[in-house]
Each structure stands twice: as structure tokens, then as C-alpha cells.
Amino acid sequence: MATNTQTVSNANDTLARRRQANTTLLMHRQQEVYAKLPQIEDMGYEITALGADFTLARLAKNEERAAQLKQQMSALEQQRKALLVENGFAADYLDPIYTCPVCRDKGFADGKICSCLKQEIVKQRQNMLTSLSPAPQTTFEQFSLEYYPDTTDEHGINPRRQMQQILTYCKKYAEGFSRSRRSILMLGTSGLGKTHLSCAIAGECVKKGFVVMYASSQSMFEQFESNRYDTQNILNDILGCDLFILDDLGTEYMTAHGLSILYNIINTRMLNGTPCIFSTNLTSQKALTAKYGEKIVSRLLGSCDTLYFVGEDIRFKKR
Ligand SMILES: [Zn+2]
């Protein structure tokens with residue numbers, strides 16, 4: 001399971017690669033120009049030397065000398081630009097290259113995180129979600145109600161109408177998403193679209209810049225059981241993210257250790273008021289209690305809006 005700390009460090013790596021690539025590009029440009037116009041290389045050295053003297057003059061508070069040096073520098077720079085243009089290069093051909101001029105590819109400007117780094121973090125989070133979720137590209141638009149029977153059963157339930165309501169609920173949930181949103185419990189047998197709708201909500205939230213973590217119950221508990229993963233780090237990310245999705249509860253092999261982790265997740269996020277989306281194929285309170293116990297189930301039902309998915313297995317119908 002990828003962690004959130006990892007997405008931030010991946011984003012920083014991307015900026016570092018950008019800086020490296022721009023430096024390399026500038027070096028190539030210098031070589032190209034210097035081969036043709038060696039005097040420009042000398043001008044470059046001269047400008048650098050003047051720059052050093054300028055800094056020293058400023059430090060010595062010799063403003064007159066500093067002003068003089070500055071003037072010399074800019075005159076020389078003008079000369080260099082003119083020479084470049086004369087020889088068919090762009091005037092700024094040897095200027096430092098920045099992908100983001102605002103922060104000069106540092107990721108921070110005026111002590112604040114720059115929008116380019118923010119964008120990169122969102123992109124990394126999308127990648128993270130993509131690598132974890134079984135249905136990363138699913139959207140609300142792709143959710144087709146035609147697979148649900150438009151007939152009313154003996155209990156007065158019309159699957160298509162009910163699923164229409166659930167779809168509307170989920171769209172609104174994603175639209176108005178915030179860290180203080182209520183949690184959702186999706187109940188229903190396999191193949192009724194629970195994963196599809198939770199991933200569609202996740203996709204919308206990620207687009208808005210929220211940190212979303214997705215885990216299928218089976219793989220999450222397997223990872224917690226194995227020693228290969230750092231339990232506390234993963235748990236911290238799960239507890240701290242904006243939206244946590246735990247898919248397919250009930251399919252995992254549950255141990256006492258697993259139960260205590262599940263309780264910790266539900267309880268901590270409930271106390272913090274941060275939302276989760278749980279989905280399960282255990283469709284009755286009795287079945288849920290038999291697997292997870294009273295304490296977990298009462299918290300689950302108490303903190304979630306419950307959505308009952310109905311119909312026939314749509315994966316079978318689509319085939
Ligand atoms: Zn920037």
C-alpha cells in the first residue's frame with residue numbers, strides 16, 4: 001500500500017528532476033553557443049565575476065560601487081543578448097530555464113507551497129489511488145441503471161429506482177465532500193456496483209485535492225498480518241487521510257489483530273469526525289455482528305449513512 005508521505009516525496013522528486021533537466025538543457029545551449037561564439041563565453045565569465053564583486057560591495061555596504069557594478073553587469077548582459085540575436089538565437093537563450101517561473105522549480109515561493117508542487121502532489125495521489133483501486137477510472141457517468149430491473153418486488157422494492165436514489169446520493173456526496181462529511185456503509189451482495197460508486201466518489205474527491213486512500217479489505221488485512229509492511233505508517237495514513245475507503249468487508253480472513261486494527265480505524269476516524277466509505281457483502285446486522293462483534297458494528301451503524309444496493313449481479317449481466 002502506497003503511503004501519503006510517499007506521494008509528497010515523489011512530488012518533490014519530480015521537481016528535482018525538472019531542475020536537473022533544465023540545468024542540463026541550459027548546459028547544452030551554452031556548449032552550442034560557445035562553439036559558435038567563443039566571445040560569449042568570456043562575457044559570461046565576466047558577468048559572473050562582476051556579480052561576485054557586486055555581492056561583496058553590497059555586503060560592505062558600498063552602495064555606490066554596487067550601483068556601478070550593477071550597471072556594468074546589465075550593460076554587458078544587453079551586449080550579450082544583442083550578440084545572440086545577431087547570430088540567430090533568442091535573446092533569452094542563455095537565461096536560466098524554469099518550468100515554473102513563480103518558484104523557480106523549488107516548490108515554495110514566499111514561504112508558501114507553490115501551485116506547481118500542489119498540482120504534482122494531486123497527480124501523485126491520483127497515481128496512488130490508481131495503483132490501489134480495482135476501478136480507478138470509473139465515473140458516475142459510466143454507472144448504468146439499465147442493468148437494474150425496473151420491477152417492484154413483493155416488499156415494494158424497485159431496484160432501478162432504489163439505485164437511482166443511491167446514485168444521486170453518491171453524486172451529491174462527492175460534490176459536497178469535506179473532511180467532516182458523514183461516513184457511508186454500502187450493503188449488498190457482490191456485483192451490484194458498490195466498488196464502482198465508491199471509486200467514482202474517490203475520483204471526484206482526488207480531483208478536488210483531497211487525500212483519498214483506498215483498500216480492499218482482503219489485501220489490507222493481509223498486509224497488516226505480514227511483516228513486510230510498516231503497520232504504524234500505513235495506519236497513520238489511513239487515520240489521517242481525508243477519505244478512507246475500505247472495500248469488500250467480509251471477504252477477508254479476520255484475526256484478533258485484524259479486529260483491533262479495524263476497531264481502531266473506525267473508532268479513531270469517528271472520534272475525529274473524518275469520513276470513511278465501507279462496503280460489505282454481509283447484508284444483515286446479524287451477519288455483520290457475527291463476524292465483527294457488537295462493539296464494531298454499533299459504531300459502524302452509528303456513524304454511517306447506510307445504502308442498500310439491490311438488483312442482480314450486474315457484472316454477470318454485462319458479460
Ligand atoms: Zn512553482
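Computed from a predicted structure; not experimentally measured. By convention here, each chain's residues receive numbers from 1 onward along its written sequence. Confidence filtering applies because this is a predicted model: local features only for residues at pLDDT of at least 70, side-chain atom pairs given and counted only at 80 or more, and all residues used for totals across whole chains, interfaces and linings.

K.L.:
When you look at the overall build of the chain in this model, what are you seeing that I'm missing?
P.N.:
The way it works is that DSSP assigns letters per residue, a run of H or I at least four long becomes a helix, a run of E at least two long becomes a strand, and they are numbered from the N terminus. Scanning the chain from N- to C-terminus turns up 11 helices and 7 strands. We compute the radius of gyration from the C-alpha atoms alone; for a globule the expected value is 2.2 Å times N to the 0.38, where N is the number of residues. Here the chain has a C-alpha radius of gyration of 29 Å; the compact-globule value for 319 residues is 20 Å, and the former is much larger. Along the longest, intermediate and shortest principal axes, the C-alpha atoms of the chain span 90 × 40 × 35 Å. Buried, partly exposed and exposed are defined by the number of other C-beta atoms within 10 Å of a residue's own C-beta, namely 20 or more, between the two limits, and 12 or fewer respectively, with C-beta atoms placed from the backbone. Taken over 319 residues, the chain has a buried fraction of 29%. Residue pairs at least 24 apart in sequence account for 78% of intrachain contacts in the chain once pairs closer than 6 positions are excluded. The contact rule is simple: place each C-beta atom from the backbone, and if two of them lie within 7 Å, those residues are in contact.

K.L.:
What exactly am I supposed to notice about the packing of helix α8 (residues 231-240) against helix α9 (residues 256-272) here?
P.N.:
Axis angle and axis distance: for two packed helices, these are the angle between their axes and the distance between the axes, and together they describe the pair. Only the contacting stretch of a helix is used when fitting its axis, a line to C-alpha atoms as for every element, and angles between N-to-C directions run 0 to 180 degrees. Packing of α8 against α9 brings their axes to within 9 Å, and their N-to-C directions diverge by 30 degrees. When the axes of α8 and α9 are compared, the pair comes out roughly parallel. When the axes of α8 and α9 are compared, the crossing they make is right-handed. When α8 is examined against α9, the residues Leu235, Ile238 and Leu239 are found in contact with a partner set consisting of Ile261, Ile265, Thr268 and Arg269. Reported orientations rely on four angle classes, namely roughly parallel under 35 degrees, roughly antiparallel over 145, roughly perpendicular from 65 to 115, and oblique for the rest. For a crossing to be left-handed, the near helix must be turned anticlockwise from the far one by less than a right angle; the clockwise case is right-handed.

K.L.:
Help me out: how do you make sense of the environment of Phe108 in this one?
P.N.:
Along the chain, the position of Phe108 falls in strand β1 (residues 108-109). For the pair Phe108 and Thr251, spaced 143 residues apart in sequence, the C-alpha to C-alpha distance is 45 Å. Sequence-distant contacts of Phe108, that is, excluding residues within four places in its chain, are made with Cys103, Ile113 and Cys114.

K.L.:
Can you walk me through the sheet that holds strand β6 (residues 276-280) in this structure?
P.N.:
Within a sheet, each strand pairs with its neighbour through backbone hydrogen bonds, oriented either parallel or antiparallel. For two strands to count as paired, DSSP must find a minimum of two bridges between them. Taken together, 5 strands build an open sheet; the order of strands is β4-β5-β6-β3-β7 and the sheet is parallel. Because the sheet does not close on itself, it has two edges, and the strands there are β4 (212-216) and β7 (304-308). Within this sheet the neighbouring strands show an average axis-to-axis angle of 15 degrees, counted without direction. For strand β3 (residues 183-187) and β7, the ladder comprises 5 bridges, and the chain directions are parallel. Along β7, the bridge assignment pairs Ile184 with Asp305.

K.L.:
Just checking my understanding: could you explain helix α3 (residues 63-86) for this structure?
P.N.:
Three- or four-residue spacings in an α-helix give side chains the same orientation, since the helix completes a turn every 3.6 residues. For α3, which comprises 24 residues, the first-to-last C-alpha distance of 34 Å matches the rise-based estimate of 34 Å (1.5 Å per residue) to within 8%. Trailing α3 by a residue or two, Gly88 shows a phi angle of about 85 degrees, which is positive. One fewer than the residue count of a helix, multiplied by 1.5 Å, yields its expected span.

K.L.:
Explanation requested: the nonpolar core in the structure shown.
P.N.:
The nonpolar side chains of soluble globular proteins are, as a tendency, buried together. Counting residues in each nonpolar core, the largest one holds 47 residues, and the members touching the most others are Ile201, Ala202, Val212 and Ile245. Looking at which element gives the most residues to this core, the answer is helix α6 (residues 194-207), with 7 residues. Ignoring anything within four residues of it in the chain, the contact list for Ile201 reads Cys170, Tyr173, Ala174 and Ile277. Counting 5 residues, the second largest nonpolar core, distinct from the first, contains Ala11, Leu15, Leu117 and Ile121. The nonpolar core is taken to be a set of buried Ala, Val, Leu, Ile, Met, Phe, Trp, Tyr and Cys residues joined by way of C-beta atoms within 7 Å.

K.L.:
Hey, could you run me through the domain arrangement of the chain in this one?
P.N.:
How big an interface is tends to be reported as the loss of accessible area on association of its parts. Taken domain by domain, the chain holds domain 1 (4-113) and domain 2 (133-318). Note that domain bounds follow an automatic or database assignment of domains. Domain 1 and domain 2 are separated by 52 Å when their C-alpha centres are compared.

K.L.:
Would you explain unusual backbone geometry in this entry?
P.N.:
Only a minority of non-glycine residues have a phi that is not negative, and only a minority of peptide bonds are not trans. Phi is positive for Lys61, close to 60 degrees, though the residue is something other than glycine. Locating Lys61 in the fold gives a position in the loop between α2 (38-59) and α3. Of the residues examined, Lys61 has 8 C-beta atoms within 10 Å and is grouped as exposed. A positive phi angle, near 65 degrees, is found at Asp105, a position not held by glycine.

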